[in-house]
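What follows is each chain in one-letter form.
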Amino acid sequence: MAENFHEVRFPASLSFGSTGGPERLTEIVTLASGHEERNARWAHGRRRYDAGLGLRSLDDVHATIAFFEARMGRLYGFRWRDWSDSKSCAPSGQPTPLDCGIGVGDGARVAFQLCKTYASGPAVYERPIAKPVAGTVRIAVAGVELADGSEFALDPTTGQVTLASAPGPGETVTAGFEFDVPVRFDTDRIAVNLAAFEAGEIPSIPIVEVRV
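Remember, predicted model here, so these are calculated numbers, not experimental data.

Below, the discussion takes up unusual backbone geometry. Even without glycine at this site, Met72 takes up a positive phi of about 55°. Within the secondary structure layout, Met72 lies in the loop between α2 (58–70) and β6 (77–80). Note on Met72: relative accessible area 52%, which makes it exposed. The backbone of Ala142 shows a phi angle near 55°, a positive value even though the residue is not glycine. Classification of Ala142 by relative accessible area gives partly exposed; the value is 48%.

Given below as structure tokens:
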């Protein structure tokens, strides 16, 4: 999959005005009694966006077409900043090394996958993070922050963190970070009507999350 993904971000200034968010695939069967049986077909949500609403000028359209052509339409994936959900904390906050648990030490394990925790009431969902933003990741073991480079290393293309030494048994590994969403264009065609654009009609440019 890596060969079909470009480690480049869609211009953040253009994604800022976009619409979109997560979707789930839930199978629902209504029984003869009227009760329902529900089954989640996906373990993880999938995000969809429309980049068209972020375009405000013809220069924006030009930049988007250039980006689209460089990705060859739907062929190559790329990074996308979801302004409503791009940090391990709330959008208005700053990531801390204690934001999300990413594993527990056993005295031997040194590799941990970044993930973001979503909690509401008794329910907790852990979302794997494959495209962290380099330079924003902070790691702590048992509440003590580690030094980037000397005490841990990050692969920003996968979200895997490798510690210089294995945490002791039972020691919690936590992380804070900013991240992008791996996506691709969900169309091989961008149709722009210049007269309509000047009049306020915005072209639809669908974007869909990909598994990496």
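Attention shifts here to the layout of surface pockets. Roughly 220 Å³ of volume is contained in the largest pocket. As for the largest pocket, its lining consists of 16 residues, and the residues nearest its centre are Pro128, Ala130, Pro182, Glu209 and Arg211. If you list the elements that add at least two residues to the lining of the largest pocket, you get β10 (123–128) and β16 (181–185). Looking at which element gives the most residues to the lining of the largest pocket, the answer is β10, with 3 residues.

Rules behind the numbers
- Residues numbered from 1 in each chain as written.
- Predicted model: local features only at pLDDT ≥ 70, side-chain atom pairs only at ≥ 80, totals over all residues.
- Heavy atoms only, no water.
- Helix = DSSP H or I, 4+ residues; strand = E, 2+ residues; numbered from the N terminus.
- Buried < 20%, exposed > 50% of the residue type's maximum accessible area, 1.4 Å probe, protein only.
- 1 Å grid on protein atoms, 1.4 Å probe; cavity = no way out; pocket = protein on both sides within 12 Å on 5 of 7 lines; lining within 4 Å.
- Points joined across faces, edges and corners; volume = space filled by probe spheres on them.

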